[in-house]
Amino acid sequence: MGMHFRTRAIHVGQEPEPITGAIVPPLHLASTFVMRDVTTPTDYDYARTGSPTRHGLEAVLAALDDGTRALAFASGMAATHCVTGLLAPGDRIVTGTDIYGGTWRLFNKLLTAHGILVTAVDTTDTAAVARAVVPGTKLVWIESPGNPLLTVTDIAACATIAHAAGALLACDATLATPVHCRPLNHGADIVMHSATKYLGGHSDLLGGALVVADPELGTRLHWLQNATGAVMGPLEAYLCSRGVKTLELRVLAQSATALELAQWLTTLPQVRRVYYPGLPTHPGHALAARQMEGGFGAIVSFEVEGDLAAARRVVESTKLFRLAVSLGAVESLIELPAFMSHGSYEPSARRAGGITDSLIRLSVGLEAAADLRADLAAALQA
Ligand SMILES: *Cc1c(COP(=O)(O)O)cnc(C)c1O
């Protein structure tokens, strides 16, 4: 398909409805589908296995990530959990230290209790990844940019290491979105997205997605998805398809505002350190410039001068930046990772990973940059 990204986002999987000509495909809520007779195969039989509204979303998500197949789930965690269904007791996962708090909890608190061995390394250090991958490693799980420190991991290098050991490489690309990075093109086997974030984009749905290039891997994951049942519901699939149509416009605008705010934050005396891959001072900047296109994402983290109380005052003082976890929607959000999004990490693991008590994470929304800047300026003075 030679169409540009934003054209695909609007048209793939979104054919007008053939009977009425409705330009927006209808929301199919049906849980079961009538058969013509007992033996003739039909496109749909039961909605856990597949349903038309979900398939429309899956088609566009596969197209946007340059994959052959996408699967839509009830949440990002359900998508991640489905990938871990490929593993058996005794298998090993190598994962990053700068990853989503819920992924950390799933790997380190649930899977380890089921006999899966989890090794966490700083995946920005490719040599450390190579040392951590040993016989028995079946999955390397990376996130780039990482969360909340915006670390940048070399997807192609990790793919080479994983594949040499016979392991799969999965990449949580929620923060990058397919607008800025398509990990399958860098050698990843599986891309995971929390559709709750940028794909949906409007803070009104919970969802997740996996995208693969290899049809056989897609079949295995679909088998697991159907067997375990954590599928995305039709209403969420409908809303997400609608959100995806403006994905490129939203993400490009949000990333541009994030860069502007990150640059400005570096000039403030109240700010000790800014984490944003678009800043030339960020250790992953050169890699991000090669691996990402069109911008560096819309998440900015920074440490304020002072202690926890100082950071707390800032996040409780902004007006446009709402105090909430989650990210990626049109509304700007602010939070304290150590207490909110990353509260499920052990405090020692959190500190070792560099998540200090005075670290603040911004999800930059679609409001005017000047208004967001004024909001932060007032809160930092407060
Ligand atoms: C939110 C998020 C997840 C989990 O997705 P849910 O939809 O909340 O289950 C995974 N990874 C990242 C980077 C996230 O931001």
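What counts as what
Residues numbered from 1 in each chain as written. Predicted model: local features only at pLDDT ≥ 70, side-chain atom pairs only at ≥ 80, totals over all residues. Heavy atoms only, no water. Axes fitted to C-alpha atoms, helices over the stretch in contact; angles between N-to-C directions. Helix = DSSP H or I, 4+ residues; strand = E, 2+ residues; numbered from the N terminus. Left-handed = near helix turned anticlockwise from the far one by under 90°. Contact = heavy atoms within 4.5 Å. Nonpolar A, V, L, I, M, F, W, Y, C, P; charged D, E, K, R; others polar. Buried < 20%, exposed > 50% of the residue type's maximum accessible area, 1.4 Å probe, protein only. Domains from an automatic or database assignment. Buried area = accessible area lost by both parts, 1.4 Å probe. Salt bridge = Lys/Arg side-chain N within 4 Å of Asp/Glu carboxyl O. Disulfide = S-S within 2.5 Å. Pairing = 2+ DSSP bridges. Core = buried A, V, L, I, M, F, W, Y, C linked by side-chain atoms within 4.5 Å.

Some details on the packing of helix α2 (residues 52-64) against helix α9 (residues 234-244)
Axes are the key here: two packed helices are described by the angle between their axes and the distance separating the axes.
And then number 1: For the pair α2 and α9, the least separation of the axes is 8 Å and the interaxial angle reads 35°. Seen from above, α2 lies across α9 with left-handed handedness. Where α2 approaches α9, its residues Thr 53, Arg 54, Leu 57, Val 60, Leu 61 and Leu 64 are matched on the opposing element by Pro 234, Ala 237, Tyr 238, Cys 240, Ser 241 and Val 244.
And then number 2: Of the residues assigned to the contact of α2 with α9, the class counts are 9 nonpolar, 2 polar and 1 charged.

Details of the packing of helix α10 (residues 247-265) against helix α14 (residues 369-381)
And then number 1: As a packed pair, α10 and α14 sit with axes 10 Å apart at the nearest point and diverge in direction by 35°. Considering the relative orientation of α10 and α14, their crossing is right-handed. Only Ala 369, Leu 372, Arg 373, Leu 376, Ala 377 and Leu 380 of α14 make contact with α10, whose side of the interface consists of Thr 257, Glu 260, Leu 261, Trp 264 and Leu 265.
And then number 2: For the contact of α10 with α14, a count of residues per class yields 8 nonpolar, 1 polar and 2 charged.

Digging into unusual backbone geometry
And then number 1: With an omega of -10°, the peptide bond running from Ser 144 to Pro 145 counts as cis.
And then number 2: With respect to the element layout, Pro 145 can be found in the loop between β4 (137-143) and α6 (155-164).
And then number 3: Cis geometry marks the peptide bond from Asn 147 to Pro 148, where omega comes out at 10°.
And then number 4: Considering the arrangement of structural elements, one finds Pro 148 in the loop between β4 and α6.
And then number 5: A positive phi angle, close to 65°, is found at Thr 177, a residue other than glycine.
And then number 6: Examined against the element boundaries, Thr 177 turns out to sit in helix α7 (residues 177-180).
And then number 7: Judged by relative accessible area, Thr 177 falls into the buried class, the value being 2%.

Re the side chain of Glu 303
And then number 1: On the secondary structure map, Glu 303 appears in strand β9 (residues 299-304).
And then number 2: What makes Glu 303 buried here is its relative accessible area of 6%.
And then number 3: Filtering out sequence-adjacent residues up to four positions away, Glu 303 remains in contact with Gln 270, Val 271, Arg 272, Arg 273, Tyr 275, Gly 354, Thr 356, Ser 358 and Leu 359.

Some remarks on the domain arrangement of the protein
And then number 1: Looking at the protein, the domain boundaries give domain 1 (5-244) and domain 2 (247-380).
And then number 2: Contact residues are listed per partner, giving 43 residues for domain 1 and 44 residues for domain 2.
And then number 3: Looking at the side of domain 1 facing domain 2, the largest losses of area belong to Leu 149, His 180 and Tyr 198, adding up to 24% of the total buried there.
And then number 4: Where domain 1 packs against domain 2, one counts 3 salt bridges.
And then number 5: Every element with two or more residues in the side of domain 1 that touches domain 2 is listed here: α1 (5-11), α4 (101-111), α6, α7 and α9.
And then number 6: Ranked by residues supplied to the side of domain 1 that touches domain 2, first place goes to α4 with 5 residues.

Notes on the state of the cysteines
By definition, a disulfide is the covalent link that joins the sulfur atoms of two cysteine residues.
And then number 1: Tallied over the entire structure, the rule returns 0 disulfides.
And then number 2: You can see Cys 171 has no disulfide; the closest cysteine sulfur is in Cys 181, sitting 6.3 Å from it.
And then number 3: Free of any disulfide, Cys 240 has its nearest cysteine sulfur in Cys 82, 17 Å distant.
And then number 4: Accessibility expressed as a relative area gives 0% for Cys 240, which makes it buried.

Section: the environment of Ala 310
And then number 1: Within the secondary structure, Ala 310 sits in helix α12 (residues 308-315).
And then number 2: Taking C-alpha positions, Ala 310 is 9.7 Å from Gln 270, a pair spaced 40 residues apart along the chain.
And then number 3: Setting aside residues up to four positions removed in sequence, Ala 310 forms contacts with Val 304 and Glu 305.

Re the pairing of strand β7 (residues 208-212)
And then number 1: Within β7, 5 of the 5 residues are buried, which leaves the element mostly enclosed by the surrounding structure.
And then number 2: Alternating residues of β7 divide into Gly 208, Leu 210 and Val 212 and Ala 209 and Val 211, and every residue in both groups is buried.
And then number 3: As defined by bridge partners, strand β1 (residues 69-73) adjoins β7 across 5 bridges and the pair is classed as antiparallel. Along β7, the bridge assignment pairs Leu 71 with Leu 210.
And then number 4: Here strand β6 (residues 190-194) pairs with β7 via 5 bridges, running antiparallel. Each bridged residue has a counterpart across the sheet, and for Val 191 the counterpart in β7 is Val 211.

Observations concerning the sheet that holds β7
And then number 1: The 7 strands are arranged β1-β7-β6-β5-β4-β2-β3 in an open sheet whose pairing can be described as mixed. Unpaired on one side and paired on the other, β1 and β3 (117-121) mark the two borders of the sheet. Going from strand to strand, the sheet's axes swing by 20° on average, the running direction of each strand aside.
And then number 2: Across 5 bridges, strand β2 (residues 92-96) lies against β3 in parallel orientation. If you follow Arg 92 over to β3, its bridge partner there is Leu 117.

Regarding the nonpolar core
And then number 1: Counting residues in each nonpolar core, the largest one holds 87 residues, and the members touching the most others are Leu 265, Ile 360 and Leu 362.
And then number 2: The element contributing the most residues to this core is α10, with 7 residues.
And then number 3: Looking at this core, you find at least three residues from each of domain 1 (5-244) and domain 2 (247-380).
And then number 4: If we ignore the near neighbours within four places in the chain, the residues touching Ile 360 are Val 300, Ser 301, Phe 302, Val 304, Ala 311, Val 314, Val 315, Ile 334, Glu 335, Leu 336 and Pro 337.
And then number 5: Formed by 22 residues, the second largest nonpolar core is a distinct cluster that contains Leu 71, Phe 73, Ile 116 and Trp 141.

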